[in-house]
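Working through the structure, step by step
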Amino acid sequence: MSEILEIRWHGRGGQGTVTAAKVFADACLSGGRHVQAFPEYGPERAGAPLRAYNRISSHELRMHCPVLNPKIVVVADPTLLDSINVTEGAPDDAIFIINSSKDPSIIKAKINPTKNQKVFMIDATKIAIECFGRPMPNSPLVGALAKVSGAVTLETILEDVKKSFGKKFAKKIIDGNLEATKRGYEEVKEI
Amino acid sequence: MSKVVAVTGNEAVANALRQINPDVCAAYPITPQTDLMQRFASFVSDGLVDTEMILVESEHSAMSACVGAAAGGGRAVTATSGPGLALMWEILFVASGMRLPILMPVVNRSLSAPLNIHGDHSDAMGARDSGWIQLWSENAQEAYDNTVQALLIAEHMDIRLPIMVCMDGFIISHSIERVEYLDDDVVKNFVGSYKPLNPLLDIKHPKSIGPLILPDLYLEYKRMQHEAMSKVKDVVLQTAESFQKISGRKYGLFETYRLDDAEIAIVILNSAAGTTKDVIDIYRNKGIKVGLLKPRLFRPFPYEEVGEALKHLKAICVLDRADSFGAFGPLYTEIVSSIYLTKSQPIVINKIYGLGGRDYMPEHAKIVIEELIDIINTGKVRLYKDYLGVRE
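This structure is a prediction, so every number in the text was calculated from the model and none was measured.

**Let's talk about the overall build of chain A**
- Looking only at helices and strands, chain A features six helices and seven strands.
- Along chain A, helices and strands appear, N-terminal first, in the series β-α-β-β-β-β-α-β-α-α-α-α-β.
- Here chain A holds 191 residues, and 53% of them are scored as buried.
- Taking all contacts inside chain A whose residues are at least 6 apart in sequence as the whole, residues at least 24 apart take part in 65%.
- Carbon and sulfur atoms provide 52% of the accessible area of chain A, an area that totals close to 8,800 Å².
- The centroid of the 26 positive side-chain charges in chain A is displaced by 3 Å from the centroid of its 22 negative side-chain charges.

**Section: the sheet that holds strand S5 (residues 95-99) of chain A**
- The sheet built from nine strands is open, its strands ordered S7(A)-S6(A)-S5(A)-S4(A)-S1(A)-S3(A)-S2(A)-S8(B)-S1(B) with mixed pairing. Strands at the two margins of the open sheet, each flanked by one partner only, are strand S7 (189-190) of chain A together with strand S1 (3-8) of chain B.
- Of the strand pairs in this sheet, strand S1 (residues 5-12) of chain A and strand S4 (residues 72-75) of chain A are connected by four bridges, and their pairing is parallel. Bridge pairing in S4(A) places Arg8(A) opposite Val73(A).
- Across the face of the sheet, helix H6 (residues 140-154) of chain B comes into contact with S1 and strand S8 (176-181) of chain B while running at roughly 35° to S8(B).

**Description of the pairing of strand S6 (residues 133-136) of chain B**
Residues and elements named next belong to chain B.
- Burial of the side chains of S6 extends over both faces: Ile-133 and Leu-135 are buried on one face and Gln-134 and Trp-136 on the other.
- Of the strand pairs in this sheet, S6 and strand S7 (residues 163-168) are connected by four bridges, and their pairing is parallel. Directly across from Gln-134, in S7, lies its bridge partner Met-164.
- Once you follow S6 into H6 and on to S7, the crossover reads as right-handed.

**Focus: the interface of chain A and chain B**
- Each partner contributes to the interface: chain A provides 21 residues, whereas chain B provides 26 residues.
- On the chain A side of the contact with chain B, Tyr41(A), Arg62(A) and His64(A) bury the most area, a combined 40% of that side's loss.
- Counting the contacts that link chain A with chain B gives two salt bridges.
- With its nearest N and O atoms 2.7 Å apart, the salt bridge here joins Asp281(B) to Arg62(A).
- On inspection of chain A and its partner chain B, the count reaches nine residue pairs in polar contact (both at pLDDT 80 or more).
- Those elements that provide at least two residues to the side of chain A that touches chain B are helix H1 (17-28) and strand S2 (34-39) of chain A.
- The pairing of S2(A) with S8(B) spans two bridges and is antiparallel. When the bridges of S8(B) are listed, Ala37(A) appears paired with Ile176(B).

**As for the packing of H6(B) against helix H9 (residues 232-247) of chain B**
Residue and element names in this part refer to chain B.
- Where H6 meets H9, the closest approach of the two axes is 10 Å, and the angle between their N-to-C directions is 125°. In terms of their interaxial angle, H6 and H9 are classed as oblique. Regarding H6 and H9, the two cross each other, and that crossing is right-handed. Residues Asp-145, Val-148, Gln-149, Leu-152 and Ile-153 of H6 touch H9, and the partners they reach there are Val-232, Val-235, Val-236, Thr-239, Ala-240 and Phe-243.
- Within the contact of H6 with H9, the residues separate by chemical class into eight nonpolar, two polar and one charged.

**Re the environment of Gln238(B)**
- Positionally, Gln238(B) belongs in helix H9.
- As a C-alpha pair, Gln238(B) and Asp23(B) span 215 residues in sequence and 25 Å in three-dimensional space.

**Structural notes on the domain arrangement of chain B**
Residues and elements named next belong to chain B.
- Parsing chain B into structural domains produces domain 1 (3-247) and domain 2 (254-387).
- Each of domain 1 and domain 2 has a C-alpha centre, and the two are 28 Å apart.
- The partner domain 2 presents 28 residues to the 30 residues of domain 1 that form the contact.
- When the two sides are added together, the surface that domain 1 and domain 2 hide from each other amounts to roughly 2,200 Å², 53% of it contributed by carbon and sulfur.
- Counting across the domain 1 and domain 2 interface gives six salt bridges.
- Of the charged contacts, one joins Asp-129 and Arg-299 as a salt bridge, the two residues approaching to 3.9 Å between their closest N and O atoms.

**Digging into the packing of helix H5 (residues 154-165) of chain A against helix H6 (residues 171-187) of chain A**
Residue and element names in this part refer to chain A.
- Relative orientation of the contacting elements H5 and H6 amounts to 150°, with a least axis distance of 10 Å. Between H5 and H6, the angle is such that the two are roughly antiparallel. Seen along the crossing, H5 lies across H6 with a hand that is right-handed. Here Leu-154, Ile-157, Leu-158, Val-161, Lys-162 and Phe-165 of H5 lie close against H6, whose contacting residues are Ile-173, Ile-174, Asn-177, Leu-178, Thr-181, Lys-182 and Tyr-185.
- Looking at side-chain class alone, the contact of H5 with H6 contains nine nonpolar, two polar and two charged residues.

**A look at the state of the cysteines**
- With the rule as written, the count across this model stands at zero disulfides over all chains.
- Here Cys65(A) stays unpaired: no disulfide links it, and the sulfur of Cys317(B), its closest cysteine neighbor, is 17 Å away.
- We classify Cys65(A) as buried; its relative accessible area is 4%.
- A disulfide-free cysteine, Cys25(B) has its sulfur positioned 6.7 Å from the sulfur of Cys66(B), the nearest such atom.
- On the basis of relative accessibility, which here comes to 0%, the residue Cys25(B) falls in the buried class.

**Some words on the pattern of salt bridges**
- In this structure the tally under the stated criterion is 38 salt bridges over all chains.
- A salt bridge links Glu186(A) to Lys182(A), with the shortest nitrogen-to-oxygen separation between them at 3.8 Å. Pair noted here: Glu186(A) and Lys182(A) are both in helix H6, with a separation of four residues, about one helical turn.
- Under the relative-accessibility criterion, Lys182(A) is labelled partly exposed at 33%.
- A salt bridge links Arg299(B) to Glu334(B), with the shortest nitrogen-to-oxygen separation between them at 2.6 Å. Here Arg299(B) is found in strand S12 (residues 297-299), whereas its partner Glu334(B) is found in helix H12 (residues 330-340), with 35 residues between them in sequence.
- On the accessibility criterion, Arg299(B) (11% relative accessible area) is buried.

**Quick notes on the side chain of Arg183(A)**
All names here are of chain A.
- By the element assignment, Arg-183 lies in helix H6.
- Judged by its relative accessible area of 17%, Arg-183 is buried.
- Sequence-distant contacts of Arg-183, defined by excluding residues within four places in its chain, comprise Ile-122, Ile-127, Glu-130, Cys-131 and Val-188.

Reading the values: the criteria
- Residues numbered from 1 in each chain as written.
- Chains lettered and ligands numbered in written order.
- Predicted model: local features only at pLDDT ≥ 70, side-chain atom pairs only at ≥ 80, totals over all residues.
- Heavy atoms only, no water.
- Helix = DSSP H or I, 4+ residues; strand = E, 2+ residues; numbered from the N terminus.
- Buried < 20%, exposed > 50% of the residue type's maximum accessible area, 1.4 Å probe, protein only.
- Contact = heavy atoms within 4.5 Å.
- Areas by Shrake-Rupley, 256 points an atom, 1.4 Å probe, with all protein chains shown as cover.
- Lys, Arg positive; Asp, Glu negative; His and termini not counted.
- Charge placed at Lys NZ, Arg CZ, Asp CG, Glu CD.
- Pairing = 2+ DSSP bridges.
- Axes fitted to C-alpha atoms, helices over the stretch in contact; angles between N-to-C directions.
- Right-handed = clockwise from strand over helix to strand, strands pointing away.
- Buried area = accessible area lost by both parts, 1.4 Å probe.
- Salt bridge = Lys/Arg side-chain N within 4 Å of Asp/Glu carboxyl O.
- Polar contact = N/O pair within 3.5 Å; in protein donor to acceptor, adjacent residues only side chain to side chain.
- Parallel < 35°, antiparallel > 145°, perpendicular 65-115°, else oblique.
- Left-handed = near helix turned anticlockwise from the far one by under 90°.
- Nonpolar A, V, L, I, M, F, W, Y, C, P; charged D, E, K, R; others polar.
- Domains from an automatic or database assignment.
- Disulfide = S-S within 2.5 Å.

In structure tokens form, the structure reads like this:
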């Protein structure tokens, strides 16, 4: 089962975290891989903490239950670090990707990683505001996850972000999100 | 060429309905089916299907409209979940009694009270005696494939019975997975055009359907429904064979996993079967001979075939995602009946799990396998019916 890449997303209702998990799964379809993307369904309220999951594998994914031991944990909302334990179940070699503008030492102290765990940071909210004027961190986070996981190339993830917007949005919004995804890919850093 | 996509179970089934292009669809929204019908309604409004969409005021009306459309001579579909299926209950029997091959995806949901929108099998199990054929699906791919195959079974001239295709609410209906779609033309040719039998709209040959039948004939009508049901198994297998030719995917009356040389086994429906298979691999690597049987055709129930597949086992646990309070779960009683017919006597226990969408985790499959190992080692059963993953 080690060849399955399992990811857990922590976000808040209305931030686009579930969409981010879906876009990432779609992008990972390339190369004949099997993918899953699913949220934990609870009372769906804007602002309430939520989790979403991805599984990516070259083999058929038969497991249909929440991810307990995620190799990668993505935290879309930094305020969640104070209210929930985002490291729960994370294995000793887990990777954390945190959206935050704070000083890396503060984030590292909050995560308190074990020796082999790695923490990455990206100021996804700031990138989103700069690129398309709204504090929706999912596009830069998808870019950052593509880079850190190595599961999918920048070109593929950009194609998929574009596809996910379909024809419903103005060109300005789509271009802004593509730029945000690219910057997420390029600006994510290990701390 | 088939197309590989990452879609939800609801999306996959909605796409199958688009490819089928039914004459009539009458539906009422209910979570978690809403998203399926909303997608299909978009296909209607976008002109991608020729279907007449009837928006009704309840599920009772949805099924009634389907009965009317099918009796008139049209291919009719709907979809529902949980309480919606419960509200249809009266008309389910009208559809099967009038031998109308209506197709209905059921996105399995629990029943109130307490109010709960999540996945369990209480809805479809409550409708198991309604004379409908039932196909069950582990994942989005199976839900899509079963939907494509369903009408060939229901509309077969020896059968002419309505059919449900079940998939787990949220766990499958709202999760994105890899699904392989068949080409529109391939599905269109596979499903074929609808041949109505005694349609009411054939006004040159007036007839009445579903009239009053007094005690001197009612029993004969019901006997004929059983007769039609008894032919379903063969048609399901023939259809699966044709389907394999267009898809490369193999289906049967049920699926077995590492069962042939097994000593203990789990019998389980739908999405939890996949999680169980992964845990079985872990135990197989430790040398424990454990296997799985996952029913696909639950109505009619293939007793002989299931009994044959399970009779060599020493101990079996049947997991039910629906309860019959004060009695064994609905799947358990079928499995015990199947085995009894073979004169074999494995120990069979029953666990109720996952009601109201409670997660079924690998840990739960492990608990069951450990208990089965203990039973064959000691010959002792603690409880024949018990609950899994519950706070006592």
